[in-house]
Every structure is written in structure tokens, then in C-alpha cells.
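Summary of structural features
Chain by chain, the residues run as shown.
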Amino acid sequence: MSRATFGLIWTSCLMPTAAEPVAAGGWLTGGRVYTQIADRLRERIRSGEFAPGQVLPSEAELCRGFGVARNTVRRGLAILEEEGLLVTVPAKGRMVLGEGTAVSYRYQVIAAWLRERIERGELVPGDLLPSEAALRRRFQASRNTVRQALALLAQEGLVVAEHGRGRFVRLWDRRTSQDV
């Protein structure tokens, strides 16, 4: 292999290709590169390239795209989170926020589903709630996630747990506003 060929191969390994975002937007140079990353991502969010509710590319993909270290990308993303443009959702990544964008964790989805059934009267006071196992299968969630949803409903006063029997829709006397 000639020295010129080796130089091309070595250079192509370090430099992004023209198809990558860095080349399209120019090189990130100088101090505080993470602020430049934040600026470019902010611009892409505002232009609609990343729409509200959309998950951003992974940190690893952003590192490759910008040609920087992961910590640099994280610092840039932290700026956007502080500005309220992004939110980190466990098991999903960083999601773009916008007006009306609601980010629900799985336990909140489970709790909302049960709350809705209680409010519509499908589950009346005294009814047994679906078991943890049934909720895990229905929502493809872990036991802890289901328990977190049930704890939220108990905290709201909608359900009560009876040791060895299960969880029930709470009984209320409407006249006295007390448990029966």
C-alpha cells in the first residue's frame, strides 16, 4: 500500500463523510463545542426535522454524527433539557417536547387505564382489580412498574389493598365522604 493510499484511508477513518450532519453543517471547532451541538440540535428541532414527541437519535449516533465524545454530546443535550426542549424518558431516550406533548411513563399509562375504568363505572366500588400478573401481560410491564401504578391509585384514594385478597376499588359513602 502506497503512502498516499494509507493517508486517504487514515483520513477517511477520522473525518465524517459528506452525508453526515457535521459535514453538512460544517466542522465543530473551538471552545465549548457542546454549545454548538446544542445550537445545531435546537435549530433542527425548530425547523421540524425533530418533531414534538419524536425520540432523538441515540448518544452514540450523535457522537458519530458530530465527531465528538459522548460527554460533549451529553453536555449539549443537557442545555436543551434545561431549556425545556427535551426530556429524558427511561427506556426510550431523549424526546422532543412541544406544546401538548405529554410524556407518560408506563406506570402512568397503567394507572390511567385503571382510573378510566373506575370513572366509567366498569369497575365499581368493591370490585376486585385485575391481578398484577394480568396487568403485566396486558401492558408488557415489569412487576415493579405495575406495583408503582397501583401505589399511585392507592395514594389517590381510588383503590385499597387487602392482604391476601388483592386490590379493590375503594368503597365510599357519598353522604359522609368516608370509607365504608
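Fair warning: this is a prediction, and the values are worked out from it, not measured in the lab. (Residues numbered from 1 in each chain as written. Predicted model: local features only at pLDDT ≥ 70, side-chain atom pairs only at ≥ 80, totals over all residues. Heavy atoms only, no water.)

Turning our eyes to something else, we now look at helix H3 (residues 33–46). Between its first and last C-alpha atoms H3 spans 20 Å; for 14 residues at 1.5 Å apiece the expected length is 20 Å, and the two agree. Val 33, Tyr 34, Ile 37, Ala 38, Arg 40, Leu 41, Arg 42, Arg 44 and Ile 45 are the residues of H3 that are buried. Where H3 ends, the next residue or the one after it, Gly 48, has phi of about 95°, a positive value. (Helix = DSSP H or I, 4+ residues; strand = E, 2+ residues; numbered from the N terminus. Expected span 1.5 Å × (residues − 1). Buried < 20%, exposed > 50% of the residue type's maximum accessible area, 1.4 Å probe, protein only.)

Glancing now at unusual backbone geometry. Notably, Gln 140 is not glycine yet its phi reads approximately 50°, a positive angle. Within the secondary structure, Gln 140 is located in the loop between helix H7 (132–139) and helix H8 (143–155).

What follows concerns the packing of aromatic side chains. Scanning the model with the defined rule gives one aromatic pair in all. Note on Trp 113 and Phe 139: the rings are 5.5 Å apart at their centroids and 75° apart in plane angle, and the pair reads as edge-to-face. Of this pair, Trp 113 sits in helix H6 (residues 106–120) while Phe 139 is found in helix H7, placing the two residues 26 residues apart along the sequence. Given the relative accessible area of 16%, Phe 139 is considered buried. Sitting over the face of the ring of Tyr 34, Arg 75 holds its NZ or CZ atom 3.9 Å from the ring centroid. Taking NZ or CZ as reference, Arg 138 lies 5.8 Å from the ring centre of Phe 139, over its face. (Phe/Tyr/Trp six-rings, centres within 6.5 Å; stacked < 30°, edge-to-face > 60°. Lys NZ or Arg CZ within 6 Å of the ring centre and 35° of its normal.)

This paragraph deals with the confidence of the model for the chain. Counting all residues, the mean pLDDT for the chain is 80, and 75% of those residues have values of 70 or more. Mean pLDDT values for the elements of the chain range from 42 in helix H1 (residues 3–14) up to 94 in strand E4 (residues 166–169). Contacts for the low-pLDDT stretch residues 1–24, under 50 throughout, to residues beyond four places or in other chains number 17 contacts. Predicted confidence is poor over residues 173–177, with pLDDT under 50, and the contacts of this stretch with residues over four places away or in other chains come to three contacts. (pLDDT = per-residue confidence, 0-100. Contact = heavy atoms within 4.5 Å.)

Any two side chains of opposite charge can pair, on the condition that their charged atoms come close. A full pass over the atoms with the stated rule returns 14 salt bridges. Across the pair Arg 120 and Glu 122 runs a salt bridge whose closest N-O atoms are separated by 2.4 Å. Residue classification places Glu 122 among the partly exposed positions, given a relative accessible area of 41%. A network of salt bridges, in which partner residues are shared, links Glu 59, Arg 70, Arg 74, Glu 81 and Arg 94. (Salt bridge = Lys/Arg side-chain N within 4 Å of Asp/Glu carboxyl O.)

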